[in-house]
Amino acid sequence: MASETTVATASYELRFDAGRICLDLLATAHPDERLGAVEPLRAWIAASGLVPAGTPLHHADTSWVAHFRELRDLTGRLTGQLVHSPPVADPRHLDQALIRLNELARPAAPAPRAVRAGDGTLVRELHGPPDCAALLGAVARDAVELLTDPVARACLRQCEGDSCSIVYLDTSRGRRRRWCSSEICGNRERVARHRRRVALARA
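Residues numbered from 1 in each chain as written. Predicted model: local features only at pLDDT ≥ 70, side-chain atom pairs only at ≥ 80, totals over all residues. Heavy atoms only, no water.

(A) Just the overall build of the chain, in detail. A tally of helices and strands in the chain yields 7 helices and 6 strands. In the chain, the succession of helices and strands from N to C terminus is β-β-α-α-α-α-β-β-α-α-β-β-α. Here the chain holds 203 residues, and 40% of them are scored as buried. For the chain, the proportion of contacts with a sequence separation of at least 24, taken over those separated by at least 6, is 55%. As displayed, the chain has an accessible area near 11500 Å², and 52% of this comes from carbon and sulfur atoms. (Helix = DSSP H or I, 4+ residues; strand = E, 2+ residues; numbered from the N terminus. Buried < 20%, exposed > 50% of the residue type's maximum accessible area, 1.4 Å probe, protein only. Contact = heavy atoms within 4.5 Å. Areas by Shrake-Rupley, 256 points an atom, 1.4 Å probe, with all protein chains shown as cover.)

Structure follows, in structure tokens:
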């Protein structure tokens, strides 16, 4: 099972338990909008591992939010056809989404370099401030790799939790993972089952 990581801030909660960075981006739309402003997007970029820890992102602005939300929408449409049977999207719209995804995947990823920290150990940093296109490209390429890998595609699941639309990569033994997170949707289901049993016993 993919590790279940949650990053909490004063006003939003970011999850990284979907198994792929492009799917973690999808999770920022559930249950409420997580990327409604620049600051949570900066937090998501930093926590996702797209950039080394401590990378300045002060130059990110509201245009970045729009671009990342566009990529999220494209990824959602393209992965959605793989977890719904029959597919719910118009094939023509999917082709348009695929063309745009491929465009976003073209820019090179931010270039890393090895530098010595104060204690002499080597650490990774970027050659310069990452631009939006480079970061989008890294996430878009992850989506392209997911969509074109038959093994990964076969592991795509949608959470079975009530009203949960999160899509994740099921790498558990036996492919028996049912929820996006055992601590969130899984726990809600266990609590609901317990309440039903108590209600039946009282009846």
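Back to the text.
(B) Region of interest: the packing of aromatic side chains. Evaluated as defined, the whole model comprises 2 aromatic pairs. Ring centres of Trp-44 and Phe-68 lie 6.2 Å apart, and the angle between their planes is 65 degrees; on these two criteria the pair is classed as edge-to-face. In this pair, Trp-44 is assigned in helix α2 (residues 38–48) and Phe-68 in helix α3 (residues 62–83), connecting sequence segments 24 residues apart. Both residues of the pair, Trp-44 and Phe-68, count as buried. Grouped by ring-pair contacts, the aromatic residues Phe-16, Trp-44 and Phe-68 constitute a single cluster. (Phe/Tyr/Trp six-rings, centres within 6.5 Å; stacked < 30°, edge-to-face > 60°.)

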